[in-house]
Amino acid sequence: MKTLEILGKNRSDTYTKTRICCRAVIVREGRILLSHEKATGWRLIPGGGLEDGETPEDCVVREVEEETGLIVRPAEQFLTLHEYYEEYRYTSHYYICEAAGEGQMHLTDAEKDRGLVPEWLPLPEAVDLFSKHESYAAVSEEKRGTYQREHTALLEYMNYLLEKTLPENIFRLLDGKAYVPDHIGLSGSKIMIFEDGVLKIVPCSMAREDTVRMMKWLEGKIPVPKVIACERDDEYQYLLMSRVSGQMSCDEYFLEHPAELLNILARALKMLWTVDISGCPRIRDLDTELEEAKSRVENGLVDVGDAEPATFGEGGFKDPEALLEWLYANRPDYEPVLSHGDFCLPNIILNDGEVSGFIDLDDAGVGDKWRDIALCHRSLKHNFDGTYGGRIYPDFDPDMLFDALGIDPDRDKLRYFMLLDELF
Ligand SMILES: Nc1ncnc2c1ncn2[C@@H]1O[C@H](COP(=O)(O)OP(=O)(O)O)[C@@H](O)[C@H]1O
Ligand SMILES: [Mg+2]
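Structural notes on the overall build of the protein
Item 1. A count of helical and extended segments in the protein gives 13 helices and 19 strands.
Item 2. Viewed in the frame of its principal axes, the protein has a C-alpha envelope of about 85 × 45 × 45 Å.
Item 3. Within the span of the protein, comprising 424 residues, buried residues form 33% of the whole.

Here we look at helix α11 (residues 369-384)
Item 1. The first and last C-alpha atoms of α11 sit 23 Å apart over 16 residues, in line with the 22 Å expected at 1.5 Å per residue.
Item 2. Within α11, 13 of the 16 residues are buried, leaving the element largely enclosed by the surrounding structure.

With respect to the sheet that holds strand β1 (residues 2-11)
Item 1. Ordered in space as β1-β7-β8-β2-β6, the five strands form an open sheet in which the pairing is mixed. Each having just a single partner strand, β1 and β6 (47-49) make up the two edges of the open sheet. Mean inter-strand twist for the sheet, computed between neighbouring axes without regard to direction, equals 25°.
Item 2. Pairing of strand β2 (residues 17-25) with strand β8 (residues 88-102), which is carried by nine bridges, proceeds in the parallel orientation. By the bridge assignment for β8, Cys-21 is matched with Ser-92.
Item 3. Each of β1, β2, β7 (70-86) and β8 is contacted by helix α4 (residues 141-165), which is oriented at about 130° to β7, the strand it contacts most.

Here's the deal with the domain arrangement of the protein
Item 1. One can read the domain layout of the protein as domain 1 (2-162), domain 2 (168-242) and domain 3 (247-421).
Item 2. Contacts between the two partners involve 14 residues from domain 2 and, on the opposite side, 16 residues from domain 3.
Item 3. Class assignment of the residues belonging to the side of domain 2 that touches domain 3 gives a composition of nine nonpolar, one polar and four charged.

Some remarks on the pairing of strand β11 (residues 190-194)
Item 1. Bridging between strand β10 (residues 179-182) and β11 involves four bridges; their strand directions are antiparallel. Following the sheet pairing, Pro-181 is matched in β11 by Met-192.
Item 2. Sheet topology places β11 next to strand β12 (residues 197-203); four bridges connect them, and they run antiparallel. Directly across from Ile-193, in β12, lies its bridge partner Val-198.
Item 3. Joining the antiparallel neighbours β11 and β12 is a turn of two residues.

Each value, and the rule that gives it
Residues numbered from 1 in each chain as written. Chains lettered and ligands numbered in written order. Predicted model: local features only at pLDDT ≥ 70, side-chain atom pairs only at ≥ 80, totals over all residues. Helix = DSSP H or I, 4+ residues; strand = E, 2+ residues; numbered from the N terminus. Buried ≥ 20, exposed ≤ 12 C-beta atoms within 10 Å, placed from the backbone. Expected span 1.5 Å × (residues − 1). Pairing = 2+ DSSP bridges. Axes fitted to C-alpha atoms, helices over the stretch in contact; angles between N-to-C directions. Contact = placed C-beta atoms within 7 Å. Domains from an automatic or database assignment. Nonpolar A, V, L, I, M, F, W, Y, C, P; charged D, E, K, R; others polar.

The structure is reproduced here in structure tokens:
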């Protein structure tokens, strides 16, 4: 448990009065419970003053119930903060708490006047909100100080979680820097974005052993994140890499400027195709892919619910077994190139009109040229037809990719690689 001191500008060197408060950090599905004072717009981490004869744990439970109506169980204390202002020392004990049931809100008259309501805010938004503490300096010293305190507490909370869960080497490299959790990862991975690095945590069962080797081989050939460290424990792989600057190619700006986007993506694909593949440490040819697809089918790992609507069922394949059989029987000729393997828009980061990074390289390797084209085509289709972002861009036709590439679409191969991907 850590103790920190915040020294107010107007503090007296010797304090004569003390106040003790206990506060609760309650996070559920990435959202933190805050008390929102509607009349003032303030948000606070729930908690309040320790009463005579009360333990800090009792205090935090009582205060959270009174303020928010939630009954909590304090799991552990991660921080004590002392703030010094004028003749006071204010001490806040911060607890990580778990929700344990529904209770009854009991607001004081002052709290009622301020319109106090409980509010679950995404944790990154709460960090961002409290980080603006200096902007209140001219308006209210109390608000500035309170937001600085809550900001300090949330950064400590996030760092505390990291220290508990990360391998020592990775935690040491992160050096207590602030991060924002990213929720884009759809594959069960956790992503934490730091100022200059990204930590990707993937269950070992889904992480490929040789991704680091592949990424290092790619360094200097195409823009990819630089591997800083990679560790494994019994459950997870922790990959710490440099952060690529720019926007994902599914950023709204690019969806509103499709001609620009298509030209960049076409150049990105061609950039991959010009890499000399001799010595590439990973082969993702059809033999390898079908072998892996077979194992996934046999182990019941294919999620039929995740497939395109036409793939399975009426007019499509009966089940993954039938699709696998078809894929074995209809293998197209092989056009080996360096293939990204998961060439969808969130995995291609753009900056200043060029690719600044190919990321998510777990499936990269020597593979068929049409594998990336097919996934790019499908990703374009879904980003523009509203499947992902909800917004429909009516004038877009994913076939414009072929104009940008200057090649004719090979419909059979497009279909083949799209179908193969259904088994992954
Ligand atoms: N090195 C990186 N630099 C910048 N952003 C990254 C980096 N790695 C991941 N991200 C961000 O996190 C998101 C998810 O990471 P990704 O590796 O694609 O995980 P997943 O396998 O879950 O798709 C990316 O779409 C991107 O926005
Ligand atoms: Mg990705």
